[in-house]
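What follows is the residue order along each chain.
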Amino acid sequence: MCNSTMLKQEFLKKWIKGLHIYNNLNKCITISDRKKAIKLSADVAIASTRKATTHWSKALMDDVVSRDGNNIILVQQILGGGQNAEKNNSGLITCSKRILRKSHNNIIACRKARRRVVPRCVKSSSIARKLVKNKTRMLKSLVPGGQKMDGNCLIKETLDYIVSLRVQVDVMRRLANAAERFDP
């Protein structure tokens, strides 16, 4: 759990730094602006703890930057001026030739299967395949950058994303509990 503790500490430092930077950039802050600042800073902080080594963290950073051009300043300052936070195409996930070949072969096989007469009874394997396909589609929509991932990569990234979200929730929960103790 030492790794988790270090991850929590790094997230908290970057999150607080992001909140300070956002506060300094915008002097007049409304309630909705505070909510936006908390979410934005938390997204940048959790993605930056992975140092752009995961696809979801790159996608999350790209999403933050694409939401508002002013967010580039925030991202650059949280990351520490030396790193470039602009969107780049190198972060896109590229498919390997083997995956492309398999998908092409699957398309051809599906076309051939359509030509065959399908029996009236539905096979359990086809039902299972449809369920897996639907669940995979749903998972791709939940993980940042998931639409561009293949199955194996999606599972690894999802597990890493879940760990990061748990860290984020744990830190925020502890901070909220500490604030409740000090505020009568």
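The written sequence of each chain sets the order in which its residues are numbered from 1. Given that the model is predicted, a residue must reach a pLDDT of at least 70 before its local features are reported, and side-chain atom pairs must reach 80 or more before they are shown or counted; all residues, however, enter totals for whole chains, interfaces and linings. Computation of side-chain values: all heavy atoms of the structure, hydrogens and water removed.

As recorded in an unreviewed UniProt entry, the chain goes by IBH1-like N-terminal domain-containing protein and comes from Rehmannia glutinosa.

(A) Representation of the side chain of S48 in the model. Strands here mean DSSP runs of E at least two residues long; helices mean DSSP runs of H or I at least four residues long; both are numbered from the N terminus. Examined against the element boundaries, S48 turns out to sit in helix α2 (residues 31-49). Residue S48 is classed as buried on the basis of its relative accessible area of 2%. Not counting chain neighbours up to four residues away, the residues in contact with S48 comprise E10, K14, M61, I78 and L79. Per-residue accessibility, obtained with a 1.4 Å probe over protein chains only, is compared with the maximum for each type, and a residue is labelled buried under 20%, exposed over 50%, and partly exposed between these values. The contact criterion used is simple: two residues touch if any of their non-hydrogen atoms lie within 4.5 Å.

(B) Highlighting the pattern of salt bridges. Throughout this description, the term salt bridge denotes a Lys or Arg side-chain nitrogen within 4 Å of a carboxyl oxygen of Asp or Glu. Evaluation of the coordinates by the stated rule reveals five salt bridges. Residues E10 and K14 are paired through a salt bridge, measuring 3.2 Å at the closest nitrogen-oxygen approach. Taken as a pair, E10 and K14 lie in helix α1 (residues 2-25) at a separation of four residues, close to a single helical turn. Relative accessible area serves as the criterion here: at 22%, E10 is assigned to the partly exposed category. Salt-bridge contacts for D160 lead to R50; the nearest nitrogen and oxygen are separated by 3.0 Å. Of this pair, D160 sits in helix α7 (residues 151-182) while R50 sits in the loop between α2 and α3 (55-67), placing them 110 residues apart in sequence. As far as burial versus exposure is concerned, D160 and R50 are alike and both buried. Beyond isolated ion pairs, a larger network of salt bridges with shared partners links K8, D170 and R174.

(C) View of the nonpolar core. The nonpolar core is taken to be a set of buried Ala, Val, Leu, Ile, Met, Phe, Trp, Tyr and Cys residues, with the residues joined through side-chain atoms within 4.5 Å. By size, the foremost hydrophobic cluster in this structure holds 27 residues, and its most contacted members are F11, V44, W56, L74 and V75. Among the elements that take part in this core, α2 stands out by supplying seven residues, more than any other. Leave out the neighbours within four places in its chain, and F11 touches A42, A45, I46, T49, V167, Q168, V171 and M172.

(D) Just a nonpolar patch on the surface, in detail. Every patch collects residues that have over 30% relative accessible area and no salt bridge, joining them within 9 Å if they carry like charges and within 5 Å if they are nonpolar side chains (Val, Leu, Ile, Met, Phe, Trp, Tyr). Only the protein chains shown count as cover for residues, and the accessible areas themselves come from Shrake-Rupley with a 1.4 Å probe. Taken together, I155, L159 and I162 make up a surface patch of nonpolar side chains, about 280 Å² in accessible area. Assignment of secondary structure puts I155 in helix α7.

(E) Fine view of the packing of α3 against helix α4 (residues 71-79). Contact geometry of α3 with α4 gives a least axis separation of 7 Å together with a crossing angle of 140 degrees. Judged by the inter-axis angle, α3 sits oblique to α4. Listed contacts from α4 to M61, V64, V65 and R67 of α3 are N71, I72, V75 and L79. The angle between two axes is taken between their N-to-C directions and runs from 0 to 180 degrees, where each axis is a line fitted to C-alpha atoms and a helix contributes only its stretch in contact. Should an angle fall under 35 degrees it is taken as roughly parallel, and over 145 as roughly antiparallel, whereas 65 to 115 is taken as roughly perpendicular and any remaining angle as oblique.

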